[in-house]
Amino acid sequence: MAKTIVLTGATGLIGGELFKRLTKRGDKVRVLVRNPETAKEKLKGADAYAKWDAATGAGGEWEKLIGGADAVINLAGAPVAARWTAEYKQLISDSRVAGTRSLVQAMEKAAEKPRTLINGSAIGYYGTQPHLPDVMELSESASPAIDFLAKVCVDWEAEAIKAEKLGVRVARVRTGVVLSTKDGALQRLITPFNLFVGGPIGDGEQWFSWIHIDDEVNLILYLLDTESASGAFNASAPQPVTMKNFARALGAALSRPSFFSVPKQALALLFGEGAEAVAEGQRVVPKRTLEAGFKFAYPALPAALKDILAHEK
Ligand SMILES: NC(=O)c1ccc[n+]([C@@H]2O[C@H](COP(=O)([O-])OP(=O)(O)OC[C@H]3O[C@@H](n4cnc5c(N)ncnc54)[C@H](OP(=O)(O)O)[C@@H]3O)[C@@H](O)[C@H]2O)c1
């Protein structure tokens, strides 16, 4: 049966693809965006466009759209791959934590509450790991780290969990590095390869936990439709790779050499301080996601890269 969904982050990489899939299958999508006028151009066919700023989360007309919706999917957040001034770090946090808090407060006020909240999070929750090929695998039960990004994820998830007290089913999606050529990390990583200077970052022994954009969107839809799914779910492929193997696979897919290493400074130019997470790496496995019955279309990297690069625009 068609659902009514409130979606934040619909103008973003993941939200944009999800919006297309939801509308295609007949769901009604109410988008909460900073600029409804530009969203109307970009996201045709939404059920409603309402002004909402994740960073302030201030109340407004948008709150009325929460009542009567079947689910809220919250994917807003200022990009992490940027230069981190003290002010920007605050924005990274506020646009996730304050934004989520405002959505849950609106649910509290709504007479007819949504049944489900699918909330964004990131594998940054677990922090980074040392450059070792045999480091421990991080499943959903691993403890959170204490660095800046981990703390943002913990606070972000904590706000989402508050909705459980209202009887709302909450699924938290801890996303890895999303591979898509439309935007995001892969596009930035491809640049040095196309200049024939691509290769692993640093010693290449750090782990790279990735997910194909289709699997990311499929997983969000799966969690939306699976009434028994609640808690944390890692959205990263079952076969993470070391950065060395990622560079090899990307070089092969692009028919480019991959024997130069990318210095951390070059990565910082591409990703800003958010580069740390990529440079240090983490080995994440989607244990609960698989146990919940989700089937990855792209569990292994070579097929994922082949598919994404074939659809490059
Ligand atoms: N892509 C990845 O590799 C990845 C990995 C791990 C976690 N995630 C998380 O998954 C979520 C979606 O990722 P994405 O890649 O689709 O994100 P994205 O393309 O950067 O878009 C996220 C949305 O956040 C809103 N936003 C951006 N800057 C903002 C600001 N300064 N203040 C308030 N809102 C702002 C925008 O919504 P409006 O302009 O419509 O208001 C935008 O559509 C994010 O929270 C991200 O942290 C993504």
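A.B. asks: Whenever I open this one, the overall build of the protein chain confuses me. Can you help?
C.D. replies: A tally of helices and strands in the protein chain yields 11 helices and 11 strands. Here the C-alpha atoms of the protein chain give a radius of gyration of 19 Å, agreeing with the 20 Å that 2.2 N^0.38 yields for 313 residues. When its C-alpha atoms are laid out on the principal axes, the protein chain stretches across 60 × 40 × 40 Å. Looking at the protein chain as a whole, 47% of its 313 residues are labelled buried. Across the protein chain, contacts joining residues at least 24 apart in sequence account for 79% of those joining residues at least 6 apart.

A.B. asks: When you look at the packing of helix H1 (residues 13-24) against helix H6 (residues 213-225) in this model, what are you seeing that I'm missing?
C.D. replies: When two helices pack together, you describe them by how their axes are tilted relative to each other and by the distance separating the axes. Axis separation between H1 and H6 bottoms out at 10 Å; the angle between their running directions is 60°. By the criterion of interaxial angle, the relationship of H1 to H6 is oblique. Read as a crossing pair, H1 and H6 show a hand that is right-handed. Together, Ile14, Glu17, Leu18 and Arg21 of H1 and Ile213, Glu216, Val217, Ile220 and Leu221 of H6 make up the contact between the two elements. Classifying every residue of the contact of H1 with H6 gives six nonpolar, no polar and three charged.

A.B. asks: Hey, could you run me through H6 in this one?
C.D. replies: In this model, H6 (13 residues) spans 19 Å end to end at C-alpha, consistent with the 18 Å of a helix rising 1.5 Å per residue. The complete set of buried residues in H6 reads Ile213, Asp215, Glu216, Val217, Asn218, Leu219, Ile220, Leu223 and Leu224.

A.B. asks: Please clarify how the sheet that holds strand S6 (residues 169-175) should be interpreted in this entry.
C.D. replies: Where strands meet in a sheet, backbone hydrogen bonds hold them as pairs that are either parallel or antiparallel. Taken in spatial order, the seven strands make up an open sheet running S3-S2-S1-S4-S5-S6-S10, and their pairing is parallel. The open sheet terminates on both sides in strands that have one partner only, identified here as strand S3 (48-51) and strand S10 (231-235). Averaged over neighbouring strand pairs, the angle between their axes works out to 20° when direction is ignored. Docked against the sheet, helix H4 (residues 148-161) engages strand S5 (116-122) and S6, running at close to 175° with respect to S5.

A.B. asks: Sorry if this is basic, but what is going on with the site of the ligand here?
C.D. replies: With respect to spatial proximity, 26 residues lie near the ligand, and among them Gly12, Ile14, Arg34, Gly77 and Val178 are the closest. Looking at the shell around the ligand, the elements that each hand over two or more residues are H1, helix H3 (86-109), S5 and strand S7 (177-179). Ranked by residues supplied to the shell around the ligand, first place goes to H1 with three residues. Looking at side-chain class alone, the shell around the ligand contains 15 nonpolar, nine polar and two charged residues.

A.B. asks: Quick question: what am I supposed to make of the nonpolar core here?
C.D. replies: General note: in soluble globular proteins, nonpolar side chains tend to be found buried as a group. Counting 86 residues, the largest nonpolar core has Leu7, Val31, Ile73, Ile118, Leu179, Ile220 and Leu223 as the members making the most contacts within it. Residues contacting leucine 7, with those up to four places away along its chain left out, are Gly15, Leu18, Phe19, Val29, Val31 and Ile73.

Rules behind the numbers
Residues numbered from 1 in each chain as written. Predicted model: local features only at pLDDT ≥ 70, side-chain atom pairs only at ≥ 80, totals over all residues. Helix = DSSP H or I, 4+ residues; strand = E, 2+ residues; numbered from the N terminus. Rg over C-alpha atoms; globule rule 2.2 N^0.38 Å. Buried ≥ 20, exposed ≤ 12 C-beta atoms within 10 Å, placed from the backbone. Contact = placed C-beta atoms within 7 Å. Axes fitted to C-alpha atoms, helices over the stretch in contact; angles between N-to-C directions. Parallel < 35°, antiparallel > 145°, perpendicular 65-115°, else oblique. Left-handed = near helix turned anticlockwise from the far one by under 90°. Nonpolar A, V, L, I, M, F, W, Y, C, P; charged D, E, K, R; others polar. Expected span 1.5 Å × (residues − 1). Pairing = 2+ DSSP bridges. Near = placed C-beta within 6 Å. Core = buried A, V, L, I, M, F, W, Y, C linked by C-beta atoms within 7 Å.

As far as function goes, none of this settles anything; it's purely spatial.
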